[in-house]
Amino acid sequence: MKIGIVCYPTFGGSGVVATELGKALAKNGHNIHFITYSQPTRLDFFNENLFYHEVDIRTYPLFQYPPYELALASKMVEVVKYEHLDLLHVHYAIPHASAAYMAKQILKTEDIEIPVITTLHGTDITLVGKDPSYEPVVTFSINQSDGVTAVSEDLKRDTYEHFQVTKEIAVIPNFIDLDRFKKQKKEHFKKAICPHGEKLIVHTSNFRRVKRVDDVIKIFSRIQKEMPAKLLLVGDGPERTNIENLCRELGIYENTRFLGKLDAVEEVLSVADLFIMPSEKESFGLAALEAMACQVPIISTNAGGLPELNINGVTGFLSDAGDIDEMTKNALYILDEQNLDRFKANALARAKDFDVDTILPHYEDYYEKIVGQNKRVLEKSK
Ligand code: GMT
């Protein structure tokens, strides 16, 4: 199949899933055309089936905000037309689903029918999409998509609850490449960071408020009072300065390292003992899945789709957002030598359920279904 993938090219979860999906599909022989405003971060290798089309965003003194959505729709029209695509798959509803709708209508005037699939990832529904400034367009463009997928059952429920969506939503969870995300031998790295056998705790995120990174710091500060430990923070974002200040306030800065936007996160996860994800909202929790694949147990909230990934008392523990006491107690339980290896093994076993080789066929079957449906409707209307 010839598939156009539209996504955010940055480190965000939706962009990572879209890029990894495109790479896996290309390896399976599909032609994948990425359409976005810069080279996706994880599009880092050559494959004869992978193509990249950059959206040209022309600005003009009149525009306070350059109209990205129009430039994107125009690029979609061009790529569908000249590359003879069978399908457009857009990741993250805003503004990709409405731009795809526009492209579809333009192409229709030239007798080209292109099916559009929208994948809902999380904050496009749970946070930004619900806002009255976007809600009508989000609802409309989801309903106009030929197919809609969500990354968890919880996100599907949330979409039906908060939007007048009538379209059937298929749940296809996030997935993981277990060849890349696996425990690697990085003992020298562990020794350098934890020279006295300290336990190593990791958090990775985009440091937005919804991630509650301050809770990570508070939990770590309490763990440290009970056992020697170090904290590695991967990623960057708007809350970074506040978090650094909190570390200084709590006197734990010396035992905390900010690693920034690290690409080889699996190397850090390979030496970690515990991963903390205290998010207020989390539709799936891809970062937690990456940790689990590297045999790292999870302390998380029970928000969104996290209970569909992290099994309470087995791969880690789930708590209400903000319950620092319970999360600390559970973290200390996991880090106890009597329990740690069991949780690590369980985390890996659970991660295997989300192996790319298991999840990819769900996307391929869904593509076949939507393209087939589209063809049948067209034939009937002739
Ligand atoms: O907020 C983020 O973490 C980024 C966001 C995105 O869409 O770029 O991630 C969301 O999509 C990921 C991939 O499907 C999910 O694993 C994350 O749970 C989800 N984040 C939130 O719901 C907060």
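Refer to the structure above for everything that follows.
As a starting point, this report considers the structure included with it. Quantities reported herein were computed from a predicted structural model and do not represent experimental measurements.

What follows deals with the site of the ligand. Around the ligand, the surrounding shell holds 19 residues, and the nearest of these are His121, Asn174, Lys211, Glu282 and Ser283. Here an oxygen atom of the ligand sits 2.7 Å away from a polar atom, N or O, in the side chain of His121. Between an oxygen atom of the ligand and a side-chain N or O atom of Asn174, the distance comes to 2.7 Å. For the ligand, the accessible surface in isolation is 480 Å², of which the surrounding protein chains cover 95%. For the shell around the ligand, the element with the highest residue contribution is helix α1 (residues 13-27), accounting for 3 residues. Class assignment of the residues belonging to the shell around the ligand gives a composition of 5 nonpolar, 10 polar and 4 charged. For the shell around the ligand, the domains that each give at least three residues are domain 1 (2-175 + 356-381) and domain 2 (187-354).

To continue, consider the sheet that holds strand β10 (residues 256-260). Here 6 strands make up an open sheet; going across it, the order is β10-β9-β8-β11-β12-β13 and the pairing parallel. Whereas interior strands pair on both sides, the edge strands pair on one side only; in this sheet they are β10 and β13 (316-319). Across the sheet, the axes of successive neighbouring strands diverge by a mean angle of 20°, strand direction being ignored. Taken together, the 6 bridges between strand β8 (residues 199-204) and strand β9 (residues 229-234) define a ladder with parallel strand orientation. Residue Leu200 lies in a different strand from β9, and its bridge partner there is Lys230.

Looking now at empty space enclosed by the protein. Applying the stated criterion across every chain yields a total of 1 cavity of 30 Å³ or more. Here the largest cavity defines a volume of roughly 90 Å³. In this structure, the largest cavity is lined by Val16, Val17, Glu20, Arg42, Phe175, Ile176, Asp177, Phe181, Leu286 and Glu290. Residue assignment for the lining of the largest cavity shows that the elements contributing at least two residues are α1 and α11 (286-293). When the residues that make up the lining of the largest cavity are grouped by side-chain class, the tally is 6 nonpolar, no polar and 4 charged.

Taken as a whole and assessed by the stated rule, the structure comprises 10 aromatic pairs. Consider the rings of Tyr101 and Phe140, whose centres lie 4.9 Å apart with planes at 85°: the pair is edge-to-face. With Tyr101 in helix α3 (residues 93-108) and Phe140 in helix α5 (residues 135-144), this pair connects stretches of sequence that are 39 residues apart. Overall, the relative accessible area of 26% leaves Tyr101 in the partly exposed class. Geometrically, the ring pair formed by Tyr363 and Tyr367 is tilted, given 6.3 Å between the ring centres and 45° between the ring planes.

A separate point is the pairing of strand β4 (residues 87-91). A large share of β4 lies buried, amounting to 5 of its 5 residues. Residue alternation in β4 divides its side chains into two sets, Leu87, His89 and His91 and Leu88 and Val90, and both sets are buried. Relative to β4, strand β1 (residues 2-6) runs parallel, the two being bridged by 4 bridges. When the sheet's bridge partners are listed, Ile5 is paired in β4 with His89.

So, about the pairing of β1. Strand residues, when the strand is regular, have side chains that alternate between the two faces of the sheet. In terms of burial, β1 is largely enclosed, as 4 of its 5 residues are buried. Pairing of β1 with strand β2 (residues 31-36) involves 5 bridges; the strand directions are parallel. Across the sheet, Val6 pairs through a bridge with Ile35, a residue of β2.

About the cut-offs
Residues numbered from 1 in each chain as written. Predicted model: local features only at pLDDT ≥ 70, side-chain atom pairs only at ≥ 80, totals over all residues. Heavy atoms only, no water. Near = heavy atom within 4 Å. Polar contact = N/O pair within 3.5 Å; in protein donor to acceptor, adjacent residues only side chain to side chain. Areas by Shrake-Rupley, 256 points an atom, 1.4 Å probe, with all protein chains shown as cover. Helix = DSSP H or I, 4+ residues; strand = E, 2+ residues; numbered from the N terminus. Nonpolar A, V, L, I, M, F, W, Y, C, P; charged D, E, K, R; others polar. Domains from an automatic or database assignment. Pairing = 2+ DSSP bridges. Axes fitted to C-alpha atoms, helices over the stretch in contact; angles between N-to-C directions. 1 Å grid on protein atoms, 1.4 Å probe; cavity = no way out; pocket = protein on both sides within 12 Å on 5 of 7 lines; lining within 4 Å. Points joined across faces, edges and corners; volume = space filled by probe spheres on them. Phe/Tyr/Trp six-rings, centres within 6.5 Å; stacked < 30°, edge-to-face > 60°. Buried < 20%, exposed > 50% of the residue type's maximum accessible area, 1.4 Å probe, protein only.

Worth remembering: the numbers are spatial, not functional.
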